[in-house]
Amino acid sequence: NGGYRQVNLPDGLEALGSGAFMFNQNLSVVTVPSSVSYVGQNAFGNNSNLLSVVFHGKTTSEVEAMSDYPWGASGKIFVN
């Protein structure tokens, strides 16, 4: 079944394109570095097993101010 899968995006990454993780049913947790300043439309859409998208080094208001928020991950976006 693929099980629990966590993806830690690399430091220095600046953007996630539209639909970047769309329909990825094995994805549970995505950790996003502080360098990311743009997330495209529906980047996390249609992922029934997605538990959380964690943004490091950002405030809640900074994340919510990005275009197309919440990118198909409503209620699953956190800051750390």
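Just above, that's the structure.
Residues numbered from 1 in each chain as written. Predicted model: local features only at pLDDT ≥ 70, side-chain atom pairs only at ≥ 80, totals over all residues. Heavy atoms only, no water.

Draft legend 1. View of unusual backbone geometry. Backbone torsion omega between Tyr69 and Pro70 reads 10 degrees, so that peptide bond is classified as cis. With a phi close to 60 degrees, Asn46 is a non-glycine residue in the positive phi region. For Asn46, the location among the structural elements is in the loop between β4 (38–39) and β5 (52–55). In the Ramachandran plot, Asp68 falls in the positive-phi region, its phi being about 65 degrees despite a non-glycine side chain. Within the secondary structure, Asp68 is located in the loop between α1 (60–64) and β6 (77–79). (Helix = DSSP H or I, 4+ residues; strand = E, 2+ residues; numbered from the N terminus.)

Draft legend 2. Highlighting the nonpolar core. Residues Val30, Val39, Phe44, Val53, Phe55 and Trp71 are the most contacted members of the largest nonpolar core, which totals 19 residues. Elements with a contribution of two residues or more to this core: β3 (29–32) and β5. If we ignore the near neighbours within four places in the chain, the residues touching Phe55 are Val32, Val39, Val63, Met66, Trp71, Ile77, Phe78, Val79 and Asn80. (Core = buried A, V, L, I, M, F, W, Y, C linked by side-chain atoms within 4.5 Å. Buried < 20%, exposed > 50% of the residue type's maximum accessible area, 1.4 Å probe, protein only. Contact = heavy atoms within 4.5 Å.)

All we've got here are geometric facts, nothing functional implied.
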